[in-house]
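# Reading the structure
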Amino acid sequence: MPASVHQVCPGDAVDLTNPERTCAQISELRKALNEDNVIALKRAIRAIIWSFEEDRLALSNTLVQVKTRPDLSRTAALEQELAAMDERKTKFLDILFHIETFHRYYKNRPLGSRIGSGSTGQSRHQYGMGVIVLDTLTNRAKKIALSGGSGQRKILPVTAKMTAHSRVRCHGAEEESPLLRMVRKIPGLEQAGCPVQREWFLDGIDIHPQRPGNIVTLGGVQLHHDNGLRITAPPPNAMSSGRPLKYLNTALTNCLKILIGFIPAFLTFALTKDWWVLAYLGGPIWFAITGVRNIIQAVVGGGGLKRSPLVQWNSLISWSRIADSLLYTGFSVPLLDLVVKPSFSTRAWASPPVQTLSFSSPSWPWPTASISPATTSIEAFRAAP
């Protein structure tokens, strides 16, 4: 089957039914660039060009066969795709002729590999979400994963290079029992009673098509295809509960949350503040500060300062959470201004009990004096007239 039938986009010679060939070519190219091997790099580029040329010739033959048929509806699409592949072939040859410049681009920038799984529910012909490294499993879990009886799990042609670090944690001498201290004096049992923790670290990923690795998919392929839809009559006593609020439009729901939170905040400022700026603009200013702060926090917390240029800044923001935050902060204004603030003000301005210190001395010419926290030393020891 020509590559034009199963492609990601026009001009991309990626066979979706058998992607091992493309993965092998990418792996060889990455390995040659990281190892700084020009000979291997030239061999990898030539292999890519030859493979691409085979797909281009297959598409050209398909186009010739289509032109001989009475139905010419596919001719325009195939000609456009062939032109895109010819343009891409020119770029491949340009890279081969300027291989030194191409190698210089990645000389100080090694290429890595990342692996991930698609989300569940996208297709019943694909495996579900999640992968696991067999080396990190116990023997029982590894046997279950390799048995294949729970849903046709697949061993990927990828090897995760893992490093295991064992950590022995012993308690202090004050927490140890006398019996345990005696046992640890026996040669070979110095670490008796100490729990051992094993931590796994990923050093790298090696892709080797047509050869199984140590990574297994957690999900499987559904054997019985069923979308779960049924045409059944509702029970006679069933009553329609109307449309739940969770099915309401997301933008409308967020606007309602912000409005519900804005009303108590605006009324609190309007009824408690004398200055017209705070009375009428206090609520909008409060909401603007809270909203801008939450947006900046979401962007910075989501790695917005180091994000890829292909990722927009607003894609890091959850507007539903921003609306929830404004809803709660709107109700916090009357709580702070009408409940918390008066209670703290009453405690702060309450007069403490006055403590006086009285003394008198017959040898001094001054009369009896009293000192309280509200009087100064000069007033307390003022000379008698």
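The sections below set out a description of the structure shown in this document. All of these numbers come straight from a predicted model, not from anything done at the bench. (Residues numbered from 1 in each chain as written. Predicted model: local features only at pLDDT ≥ 70, side-chain atom pairs only at ≥ 80, totals over all residues. Heavy atoms only, no water.)

## Structural notes on the overall build of the chain
Scanning the chain from terminus to terminus reveals 10 helices and 7 strands. Burial statistics for the chain: of 385 residues in total, 23% are counted as buried. The contacts in the chain between residues at least 6 apart in sequence include a share of 67% that link residues at least 24 apart. On the chain, roughly 28600 Å² of surface is accessible, and the fraction owed to carbon and sulfur atoms is 60%. (Helix = DSSP H or I, 4+ residues; strand = E, 2+ residues; numbered from the N terminus. Buried < 20%, exposed > 50% of the residue type's maximum accessible area, 1.4 Å probe, protein only. Contact = heavy atoms within 4.5 Å. Areas by Shrake-Rupley, 256 points an atom, 1.4 Å probe, with all protein chains shown as cover.)

## Description of the pattern of salt bridges
Under the counting rule described, the total for this entry stands at 7 salt bridges. For K257, the salt bridge goes to D324, with nearest N and O atoms at 2.7 Å. Pair noted here: K257 is in helix α7 (residues 250-272) and D324 is in helix α9 (residues 319-349), with a separation of 67 residues, a long-range link. By relative accessible area, which is 22% here, K257 ends up partly exposed. Accessibility expressed as a relative area gives 23% for D324, which makes it partly exposed. K273 is paired through a salt bridge with D337; the nearest N and O atoms lie 3.4 Å apart. A residue pair is termed long-range when its members are at least 10 positions apart, and K273 in the loop between α7 and α8 (276-301) and D337 in helix α9 qualify at 64 residues. (Salt bridge = Lys/Arg side-chain N within 4 Å of Asp/Glu carboxyl O.)

## Considerations on α7
Helix length check: α7 (23 residues) gives 34 Å between terminal C-alpha atoms against 33 Å at 1.5 Å per residue, within 8%. Those residues of α7 that sit buried are N254, G261, P264, A265, T268 and F269. (Expected span 1.5 Å × (residues − 1).)

## Section: the nonpolar core
Counting 18 residues, the largest nonpolar core has L41, I45, I49, L59, L78, F92 and F102 as its most contacted members. The set of elements that each furnish at least two residues to this core consists of α1 (20-34), α2 (38-67), α3 (75-97) and α4 (99-105). In terms of residue count, α2 provides more of this core than any other element does, 9 residues in total. (Core = buried A, V, L, I, M, F, W, Y, C linked by side-chain atoms within 4.5 Å.)

## Some thoughts on the packing of aromatic side chains
Tallying each qualifying case throughout the model produces 5 aromatic pairs. Taking 5.8 Å as the distance between ring centres and 25° as the angle between the ring planes, the aromatic pair formed by F262 and F266 counts as stacked. Of this pair, F262 and F266 both sit in helix α7, 4 residues apart, which is roughly one turn of the helix. Classification of F266 by relative accessible area gives partly exposed; the value is 26%. Each residue in the set F262, F266 and F287 is aromatic and connected to the rest through ring pairs, giving one cluster. (Phe/Tyr/Trp six-rings, centres within 6.5 Å; stacked < 30°, edge-to-face > 60°.)

## Digging into the sheet that holds strand β1 (residues 131-133)
In space, the 3 strands of this open sheet follow the order β1-β5-β2, with antiparallel pairing throughout. Across the chains shown, the open sheet's two edge strands, defined by having one partner strand only, are β1 and β2 (155-156). Across 2 bridges, the pairing between β2 and strand β5 (residues 215-217) is antiparallel. Within β5, the position partnered with L156 by the bridge is I215. (Pairing = 2+ DSSP bridges.)

## Quick look at the side chain of H103
Tracing the backbone shows H103 in helix α4. Non-local contacts of H103, meaning those with residues more than four positions away in its chain, are made with L33, D36, V38 and L41.

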